[in-house]
Amino acid sequence: MQRSERELAGKVAIVTGASRGIGKAVAAKFARSGACVVLTGRNVDAGTAAAKEIGGGRRDVMFVKADQGSDADWTAVLAHAQKAFGRVDILVANAGLSNNVPTAGMELSQFRDLNRTNLKGPFLGLKHCVAAMRKHGEGGSVVLMSSIVGMVGVPGYIHYSAAKGGLRLMAKAAALELGAENIRVNSIHPGMIRTDMTAGFDEQAVIPRIPLGKFGEGEDIANAALFLASNRGKFITGVQLVVDGGWTVQ
Amino acid sequence: MTGKLANRTVIVTGATKGIGREACLALAREGAKIVATGRDEKGGLETAALVGDLGGECLYLRHDIRKENDWRDVFAKTTERFGAPHGLVNNAGIFFVKPLAETTEEDFDNIYSINVEGTFLGVKHAFQSFAASQTQGAIVNVSSLMGQVGFPNAIAYCATKGAITAMTKTAAMEGAAMSPKVRVNSLHPGVIWTPMITGTFGDDKALSDAFAADTPLKMIGLPEYMADAITFLISDDSAYITGAELTADGGRGAD
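Residues numbered from 1 in each chain as written. Chains lettered and ligands numbered in written order. Predicted model: local features only at pLDDT ≥ 70, side-chain atom pairs only at ≥ 80, totals over all residues.

## As for the overall build of chain B
We count it as follows: Numbering goes from the N terminus for both helices and strands, where a helix is a DSSP run of H or I of at least four residues and a strand is a run of E of at least two. With C-alpha atoms as the basis for the radius of gyration, the globule rule is written as 2.2 Å multiplied by the number of residues raised to the power 0.38. A residue pair is marked as a contact if its C-beta atoms, positioned from the backbone, fall within 7 Å.
The number of helices and strands found in chain B is 8 helices and 7 strands. Taking 18 Å as the expected radius of gyration for a compact globule of 255 residues, we find that chain B reaches 17 Å, a close match to that expectation. In terms of principal-axis extent, the alpha carbons of chain B reach across some 45 × 35 × 35 Å. The long-range fraction of contacts in chain B, counting pairs at least 24 apart against all pairs at least 6 apart in sequence, stands at 74%.

Have a look at this one:
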């Protein structure tokens, strides 16, 4: 009577920024749930190692080198996915950069570089993957990895705020536009998750601000992504799923 | 029994039909023992039988969520039968549609006492139970899309569901300060084809088609979809989620 552990069987998923951190946890969860998974990232060694670790030799888990902000790279990723698996059902646009720069001292180039990857990249991914989903006409599910910084402000992160707030509304607009085709688009808003991106943070200084009193793990985000990507999320589109240990409740 | 909720007990209010009944079934599929409560004994016993058909265990308890003594009784009998509970789904509630100018004080008091006070009492007694039994509990309060956005002719309903949305956040803060920690989240269904809706607007195919056409996903919501969301929020799949609003509305609230 228990529900299937392989709830993504027959589905093809693309996960960007999957060499490490949240993206790697999502890719691993999807692979364990029966999906064919294309991991993307810029670092070939790390990405190849992640795919090998997750797939353990499975041919339906592969790494493709790609820069999320490059339109040409997206064309290549979709070509690989179509050739290997014949379809695309799920996109998790997870890749993102982050650094702390006070606004008055931020060069336009710094603002633009981060948003190229963090905001334009998911737009390109959505565009290419929607085209692929339309080929089979069975719909699909897209998860844009935003952040609590897409809900509340954080000093020193004006570029990151722009990207993450942009993703939140991009998901809603896309949800309205694509709903009739059964293509669902939602955003996840992680709080403090233990990854390389947060490795430099002073955990003991930050933890008092988190009601649940700890950093989250990649697995916490992976569980949320699987919920939205799977059939369990079939009536859910255009929503923001906050996974932050209660940070933004206050 | 195996599953994400093996060896856990979950109390579901308003479990005699609709979303509450489907929540009982979905939670039981993940191995939970179920206490299904509500005022309609016939419907409650049917829910218990349906859980039994799945191979699960379910106790039906007659329960008026407005009455604090009923809450004491529900927690006592749950603990007696299955041990201390691990989860509570505050699902019971009523719907009410009337223009603002025609809504009487009695109308308002009635829906308020059920939707707001009933939910408050549930959170209160769950906190007491989790603290006494040293249980890392989880609570799901069923609010509504109408606890996030306005809707014409539904001032009383929107008020009560907005109250649940905000109470959930305060409860999440207090629950996080408990030891062990208790998570509290709200679920916000859109239009779900249940007796609550059909009892108000009629069980009419043309009407459900119209609701579907007005929903971005072009489908009508079914109670089993809400049950999947409730199960997610009760289980450890949402271990790092508290005070959150999970909307499940086919995209209606995205515009």
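## Examining the interface of chain A and chain B
Taken together, the 29 residues of chain A in the interface contact 33 residues of chain B. Among the elements of the structure, α5 (158-178), α7 (218-229) and β7 (240-243) of chain A are those that each provide at least two residues to the side of chain A that touches chain B.

## Remarks on the nonpolar core
Threshold: Residues enter a nonpolar core if they are buried, belong to Ala, Val, Leu, Ile, Met, Phe, Trp, Tyr or Cys, and are joined to the set through C-beta atoms within 7 Å. We call a residue exposed when 12 or fewer other C-beta atoms sit within 10 Å of its C-beta, buried when the count reaches 20 or more, and partly exposed for counts in between; the C-beta positions come from the backbone.
Core analysis: the biggest nonpolar cluster contains 138 residues, and A13(A), V37(A), A225(A), C24(B), I34(B) and I230(B) have the highest contact counts within it. Those residues within four positions of C24(B) in sequence are excluded, and the remaining contacts are V12(B), A15(B), I34(B), A36(B), T47(B), V51(B) and C58(B). Listed in part, the 6 residues of the second largest apolar core include L145(B), M146(B), A156(B) and Y157(B).

## As for helix α3 (residues 71-85) of chain A
Residue and element names in this part refer to chain A. What counts is decided by this rule: To estimate how far a helix should reach, multiply one less than its number of residues by 1.5 Å. Comment: arc refers to directions from the helix axis out to C-beta atoms.
With 15 residues, α3 should reach 21 Å at 1.5 Å per residue; the first-to-last C-alpha distance of 21 Å fits that figure. Among the residues of α3, those classed as buried are D73, W74, V77, L78, A81 and F85. Angular distribution of buried residues about the axis of α3 spans 135°; they occupy a single face of the element. Facing away from the buried surface of α3 by more than 90 degrees, the exposed residues are A72, A79 and K83. For α3, the secondary structure elements touched by its buried residues are β1 (12-16), β2 (36-41), β3 (61-65) and α4 (108-136). Positive phi shows up at G86, right after α3, with a value of about 80°.

## A word on the sheet that holds strand β7 (residues 245-248) of chain B
Residue and element names in this part refer to chain B. Put simply, the rule reads: Should DSSP find at least two bridges between two strands, the strands are taken to pair. Note on method: axes are straight lines fitted to C-alpha atoms, helices fitted across the in-contact stretch only, with angles between N-to-C directions ranging 0 to 180 degrees.
Strand order in this open sheet of 7 strands is β3-β2-β1-β4-β5-β6-β7, and the pairing throughout is parallel. Each having just a single partner strand, β3 (58-62) and β7 make up the two edges of the open sheet. Here the average twist between neighbouring strands, direction ignored, is 20°. Along the sheet face, helix α1 (residues 18-29) touches β1 (9-12), β2 (33-38), β3, β4 (87-90), β5 (138-142) and β6 (183-189) and points at about 170° away from the line of β2.

## Some remarks on the packing of α4(A) against α5(A)
How two helices pack is summed up by the angle between their axes together with the distance between the axes. Residues and elements named next belong to chain A. For clarity, the cut-off: Any angle between 65 and 115 degrees counts as roughly perpendicular, while under 35 counts as roughly parallel, over 145 as roughly antiparallel, and the rest as oblique. Helix crossings fall into two classes, left-handed where the near helix is turned counterclockwise from the far one by less than a right angle and right-handed where it is turned clockwise. Just so you know the grouping, Ala, Val, Leu, Ile, Met, Phe, Trp, Tyr, Cys and Pro go in nonpolar, Asp, Glu, Lys and Arg go in charged, and all remaining residues, Gly too, go in polar.
α5 packs onto α4 with a crossing angle of 15° between their chain directions and a minimal axis gap of 9 Å. In terms of orientation, α4 lies roughly parallel with respect to α5. Crossing geometry of α4 relative to α5 is assigned as right-handed. On α5, the residues that touch Q110, F111, L114, N115, N118, L119, P122, F123, L126 and V130 of α4 are H159, Y160, A162, A163, G166, L167, M170, A174 and L178. When its residues are assigned to classes, the contact of α4 with α5 shows 14 nonpolar, 5 polar and no charged.

## A look at the environment of G250(B)
Mapped onto the fold, G250(B) is located in the segment after β7. Through-space distance from the C-alpha of G250(B) to that of I192(B) is 9.8 Å; in sequence the pair is 58 residues apart. Apart from the residues lying within four places of it in its own chain, the contact partners of G250(B) are F235(A), T237(A), G190(B), T215(B), P216(B), L217(B), M219(B) and G221(B).

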